[in-house]
Amino acid sequence: MGLLGYYIKYKGQLTFKQELDKDQLDKAEVILTELDTDFEITGAGNGIQWDYSDNTYTTVESLNKFLDIMKKEYPDFLGVEGILLAQGNDVGNLWYIKVNEEGRLYAEEIKFEI
């Protein structure tokens, strides 16, 4: 999941658990860009969402790294909540990106029975 250059569409957003000020939002955008996540700050500034890149390099690990850096820069940063739906090129290649109890993101494959 999240293979290099593999086309993935994401639906939904991960919402920040608290309101971030302008400096924090600017720093978050810089971190997302530097990590080449293909994610951006939402228009409302309340979370992150996919930036509609053609080929994504984003993995759960890179999004967790974003959260780690934000927590290091801003110790009071509470993380994110929400669920993303991810769809790859192949039929039936669907998974969720969820937040566990520790605030870490993980992928959960959606299985279909035929």
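Residues numbered from 1 in each chain as written. Predicted model: local features only at pLDDT ≥ 70, side-chain atom pairs only at ≥ 80, totals over all residues. Heavy atoms only, no water.

All right, on to the overall build of the protein then. Summing up its helical and strand segments, the protein has two helices and eight strands in all. When the helices and strands of the protein are placed in sequence order, the string is β-β-α-β-β-α-β-β-β-β. Over its C-alpha atoms the protein spans a radius of gyration of 14 Å, differing by no more than 12% from the 13 Å that the globule rule assigns to 114 residues. With the C-alpha coordinates of the protein rotated into their principal frame, the extents come out at 50 × 30 × 20 Å. For the protein, the accessible area works out to roughly 7,100 Å², and carbon and sulfur atoms hold 48% of it. One way to put it: in the protein the 11 positive side-chain charges average out to a point 3 Å from where the 22 negative ones average out. (Helix = DSSP H or I, 4+ residues; strand = E, 2+ residues; numbered from the N terminus. Rg over C-alpha atoms; globule rule 2.2 N^0.38 Å. Areas by Shrake-Rupley, 256 points an atom, 1.4 Å probe, with all protein chains shown as cover. Lys, Arg positive; Asp, Glu negative; His and termini not counted. Charge placed at Lys NZ, Arg CZ, Asp CG, Glu CD.)

A few words on the environment of D36. Position of D36 among the secondary structure elements: in the loop between α1 (22-34) and β3 (39-41). Expressed as a C-alpha distance, the spacing of D36 and F66, which sit 30 residues apart in the sequence, is 10 Å.

Reading across the sheet, the four strands line up as β1-β6-β7-β8 and stay open at both edges, with antiparallel pairing between neighbours. Strands at the two margins of the open sheet, each flanked by one partner only, are β1 (9-11) and β8 (105-109). With strand direction ignored, the average angle separating the axes of adjacent strands in the sheet is 25 degrees. The sheet contact formed by strand β7 (residues 94-99) and β8 spans five bridges and is antiparallel. Residue pairing across strands places Y96 opposite E108, the latter belonging to β8. Where helix α2 (residues 60-73) meets the sheet, it contacts β7 and β8, and its direction lies at approximately 155 degrees from that of β8. (Pairing = 2+ DSSP bridges. Axes fitted to C-alpha atoms, helices over the stretch in contact; angles between N-to-C directions. Contact = heavy atoms within 4.5 Å.)

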